[in-house]
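# Reading the structure
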Protein chains: 2
Amino acid sequence: MKKHRVIFEPAGVTAEVNDGATLLEAAARAGAGLDSICGGSGICGKCRVLVKDGMPALSAPSDIEKKFISQEEGPVRLACESRVYGDVTVHVQPAGMISRKAARKVSVNLDPAVKKYSVKINPPSMQDMGRGDRERLIEALRAQHGISGLYMDFNVLKGLQKILRDGLWEVTASIWSGKEIIRLEPYVSGAAYGLAVDIGTTTVAAYLCDLCSGDVLDTFSKTNPQAIHGDDVMARITFAMTNPEGLSVMQGEIRDCINGIIGKTGLLPEDILDMTVVCNTVMHHIFLGIDPSGIGAAPFAHAVSRPLDVKARELGININESSYIHVLPAPSGFIGADSAGVLIALEPHNQDRKLLIIDVGTNGEILLGDRSGVYSASCATGPAFEGAQIKYGMRASAGAIERVWIDHDTKEPSIEIIGNARARGICGSGIIDAVAGLFRAGIIDKSGRLRLEPLRANGLPHTERLRLDANGRPEFVIAQKGQTETGSDITITQADVRAVQLAKAALYAGTRLLMRRMGIEKIDGIILAGAFGSYINKESALAIGMLPECAPENISAVGNAAGEGAALALLNVGKRKEAEREVLKLRHLEISTDPDFQEEFLAAMNIPHS
Amino acid sequence: MKKHRVIFEPAGVTAEVNDGATLLEAAARAGAGLDSICGGSGICGKCRVLVKDGMPALSAPSDIEKKFISQEEGPVRLACESRVYGDVTVHVQPAGMISRKAARKVSVNLDPAVKKYSVKINPPSMQDMGRGDRERLIEALRAQHGISGLYMDFNVLKGLQKILRDGLWEVTASIWSGKEIIRLEPYVSGAAYGLAVDIGTTTVAAYLCDLCSGDVLDTFSKTNPQAIHGDDVMARITFAMTNPEGLSVMQGEIRDCINGIIGKTGLLPEDILDMTVVCNTVMHHIFLGIDPSGIGAAPFAHAVSRPLDVKARELGININESSYIHVLPAPSGFIGADSAGVLIALEPHNQDRKLLIIDVGTNGEILLGDRSGVYSASCATGPAFEGAQIKYGMRASAGAIERVWIDHDTKEPSIEIIGNARARGICGSGIIDAVAGLFRAGIIDKSGRLRLEPLRANGLPHTERLRLDANGRPEFVIAQKGQTETGSDITITQADVRAVQLAKAALYAGTRLLMRRMGIEKIDGIILAGAFGSYINKESALAIGMLPECAPENISAVGNAAGEGAALALLNVGKRKEAEREVLKLRHLEISTDPDFQEEFLAAMNIPHS
């Protein structure tokens, strides 16, 4: 088959693809950092690329493209709709860098930490020599805006006199927390931007916000470059412990990653005046340059739980150097600032109903409670739900099987693949669907065993899809070679089913234990947070016993609630106080050391459970 | 005459001197940075050098040396007593680097900004996971020492966990202003040091203090390296304005100078936990990296008048990087933080008597008042009192004529020379003595004219010392060529007398104007502050009309009161508050624009005045 070369700017990466492949597939193969919210189904219109060279080598614009892209935009195409029939060079547009960790619309009263005030200052005179320019400015801000007790960042002080004169004694002051002047501009300026950052172990998501309007202007997503040192937080801790420069290397990587996102905002760094950060506690320590080793072993001691405000220049983050970076509180080594973000985004502490919030990432983090109190716990689910430790597991990107149904009678599966591509593997939501489907179709029993013999013995329809692998272990073919990119079958193995059982049992047992300790029998609602939660099929999750009993209509998914919490804290300082307050009230249950955990865990291993 | 070479370490400078010269003379010629408080009279015992090579080439130790130097000190000599009869290499001892800007004994209740607390912390446990190590430490400090609301320097936070573990959960915290943890040590440690720095336009003086005992452990003095850009503040401003890198060059010079002093304390930089700084407002701006241009022309606007606390690491000062540098308030472009230092050292605001404080440097700075209020003014005396703009003027170092008497009958002068050397020139105190002596002896009249003709016409004893110079202008020989190092006469010229008249008239007119504006007729006491004030002969100063009427017994000199104020502020935070409070209450009179100044100035030109 004919092969073509696709070059992606600005990353400068290249993919060789088959004739007729889409640009979205090429981007996934190249690691171009291009993603689409809708998974390539032509709904979101976000996977835009600017064609720099080779437009004739692409398919003609589709009707879907015509709907999203106006003539004025020039040679812009949707990557999911454009098929490649020759060599081509494209530039990924900022809007196309959104990953599946996408922002919900943020709704909050606008009250940011940084506000701008334009002010007229009396010029110095021989009659007013007892005050410096700084004192004249501060007095003018008091008189004209009622702000008292102000101080001034030292770097702002150094440039103060020139700006006052350039501005002819009328300037705009950016004031942080009503306390500190962090910027002066020699004209009337209303523009102020902030960045809310969610540092995930795998993905870094960021929301660019307008601090004057409260709008989320753009969202960004990049792979956490620390991933080369290992997929999970333990691998990062190990890297820090075993390499003398490990911590500083990883801190540099996340710093460069965030600075790369800042570069892509198209704004001048000095116009970004605030930043909030959420992340798990290991990412938190690495971002701040604090050795995370203590979190790696009992008693899992972390350095700091309260929120921090650190000058951007102390962290080498390329926003305005005098501005602060607000890191949300990290209550423990297990419950991080990301949970603080989830707390203020979903506000279980303000609910009358008993709400269970599950943030499934590499670990499962649980919040459970209502206005009478919220408990937290962390469940060692492992990375199975993210597609790791699964034979054909992969992340939720183009080529991943994300939906699976298995016909009860014919045992034939139907699948949906991200990006309308050939199947390359199966992602977390697909694995849960597959295990639920196999169970419903009677192919696995409640212990999780693939029932090769009984199927045949009971005269049920023979399916070629259930078979023994080269080592004589049963496996089920979820996508046949004709449907896959490699030309080999993609299967669910017995080990895959076991991995899912272990992960869901950890989550379920953790939830049950939390309910037991709180003395509650019934949950009123479940919210699935995190990217994974948005794509999971809740009926499948209930079918395998991953979630406690709850009416499906009371189960919802909210996407990246942690990142949304960061954005809320960016736009409203009250949310920062709420995070600090509620995190202190949070009661943490340490599941792994609870004497009843083993019993709950074993009971939860069955499908759905015992 | 035989010549010998003397090498001075650590400066690495060399002097060629005549057979029998003292090491102190050699040091002055070499610019070795060696000075003696007593001016080489064998009283202070400070001009110590370690003889590295050539001991047999020096005179035998004198009785004075034996009094000051014990046998245990090894080959240590007093430079003022050791005469050179061959080549020699010596190392200037730290104690010998003290300049005439020396510390008085500081007496103040000990209440420094930085205090140390040893504290035991509960180790982390699985039962206490909701707090970080930082929170456990802060709680322990609250419980064991009653300090609440603490926060922690970000760099301390980064090293926190290792220190707690190295210290087996017992550490010493250094706390700044009862608010911020700026250091942790993994053991019980009581040692804490601070440095009080007086950045003079010419000389940088520093006082190393023990923050636990309140003792001044050592004093240091170095030439301000910015002097190469000009002697006075206007020259420094010009250098900053005319060179794109001028400000940063001069900031680097003063930073390196202070870091050099820190290097000579013999302490580890991290053990120095606090610093206070006094200086005039131009030095203040340059030290902080603020463009001083505004101070150079009307309306003489300065950037900031309130005190500042700046992290040492922001200024590149090599004390503990998390500690703060407290810069005393600089009320105006003319009245600097040095005046704030003088205020808290001499406390005119707490006096019942009307006190006049004159700090004579390149400018004359005046404070006048009592507990009902203190006024300040700055008089443009110019540098004549420092020996500049005087034909044979020089700084007060070895070879300078510092005392002059003129016999009324014979018109013959007697002189005293610093360092028992041959005369090289005349310093400020000598010039004032000389003009006073010439006036008393009738050699100059009250208009300041050297009376060549009347002396002869009146049949008064002819003196060869009064003569016409090559340009036909009168001059008076103060030291004949046999007494001088160059072998040429040292004279006081008509222009020198005029320069002294202008300087003293500026000071006197400023004082008179201040008295007029305050409505007072009589001053109860005068304090002369600054190095120059300590060496001035008060009768001479009264005789030429430099000072307002005051009984000589009520005139005193206190040395470097500004530097003493810095040391007081280092040892007692209440003195910082006092400086801030009193500086705000200070009423400044801008003399140069006062409509009555010209009248007062002209009247003050006469000797003593009209």
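What you see as residue numbers is a count from 1 along each chain, following the sequence as written. Just so you know, chain letters begin at A and ligand numbers begin at 1, following the order they were written in. The predicted origin of the model limits local features to residues at a pLDDT of at least 70 and limits the giving and counting of side-chain atom pairs to 80 or more, whereas totals for whole chains, interfaces and linings rest on all residues.

### Things to note about the overall build of chain A
When helices and strands are counted, chain A shows 17 helices and 27 strands. Each radius of gyration is computed over the set of C-alpha atoms, and the globule rule expresses the reference value as 2.2 Å times the number of residues to the power 0.38. On C-alpha atoms alone, chain A measures out to a radius of gyration of 27 Å, which is about the 25 Å that the 2.2 N^0.38 rule sets for 610 residues. Principal-axis analysis of the C-alpha atoms places the extent of chain A at approximately 105 × 65 × 50 Å. Once C-beta atoms are placed from the backbone, each residue is buried if 20 or more other C-beta atoms lie within 10 Å of its own, exposed if 12 or fewer, and partly exposed for counts between those two. When the 610 residues of chain A are sorted by exposure, 53% land in the buried category. Taking the intrachain contacts of chain A between residues at least 6 apart in sequence as the baseline, contacts between residues at least 24 apart amount to 69%. A helix here means a DSSP run of H or I that spans at least four residues, while a strand means a run of E at least two residues long, and both kinds are numbered starting from the N terminus. Any two residues are considered in contact once their C-beta atoms, placed from the backbone, lie within 7 Å.

### Focus on the relation of the copies chain A and chain B
For these two chain copies, the linking operation is a rotation about an axis paired with a shift along it. For the least-squares superposition of copies, only C-alpha atoms count, and only for residues with pLDDT at least 70 in both. For the match of chain A to chain B, the screw axis carries a shift of 0.2 Å, the RMSD comes to 0.3 Å, and the turn is 179 degrees. When the rotation and shift are considered jointly, the pair of chain copies conforms to a two-fold rotation axis. Proximity to the rotation axis, assessed at the C-alpha, singles out Glu314 of chain A in chain A; its C-alpha lies 5.2 Å from the axis. Both copies share a contact surface, since 100% of the interface residues of chain A are interface residues in chain B too.

### Considering the nonpolar core
For this entry, the nonpolar core is defined as buried Ala, Val, Leu, Ile, Met, Phe, Trp, Tyr and Cys residues connected by C-beta atoms within 7 Å. Counting 369 residues, the largest nonpolar core has Val6, Val277 and Ile426 of chain A together with Val6, Val277 and Ile426 of chain B as its most contacted members. Not counting residues up to four positions away in its chain, the partners in contact with Val6 of chain B are Thr14, Ala15, Val17, Leu23, Ala26, Ala30, Val84, Val88 and Val90 of chain B.

### Re the domain arrangement of chain A
Residue ranges for the domains trace back to a domain assignment, done automatically or taken from a database. Splitting chain A by domain gives domain 1 (3–97), domain 2 (114–185) and domain 3 (193–327). Measuring from the centre of the C-alpha atoms in domain 1 of chain A to the corresponding centre in domain 3 of chain A gives 30 Å.

### Focus on the pairing of strand E11 (residues 203–210) of chain B
Residue and element names in this part refer to chain B. Taken across its eight residues, E11 has seven buried, putting it largely inside the fold. A strand pair is defined by DSSP finding two or more bridges across the two strands. By the bridge criterion, seven bridges tie strand E10 (residues 193–199) to E11 in an arrangement that is antiparallel. Note on E11: the bridge partner recorded for Val197 is Ala206. From the end of E10 to the start of E11, which pair antiparallel, there are three residues.

### Here we look at unusual backbone geometry
Going from Ile607 of chain A to Pro608 of chain A, the amide bond is cis rather than trans, its omega being -5 degrees. Here Pro608 of chain A is to be found in the segment after helix H17 (597–605). The backbone phi angle of Leu168 of chain B is positive, close to 55 degrees, even though this residue is not glycine. Positionally, Leu168 of chain B belongs in the loop between helix H4 (154–166) and strand E8 (170–176). Given 12 C-beta atoms within 10 Å, Leu168 of chain B falls into the exposed group. You will see that Ser177 of chain B, though not glycine, has its phi angle at about 55 degrees, which is positive. By the element assignment, Ser177 of chain B lies in the loop between E8 and strand E9 (180–185).

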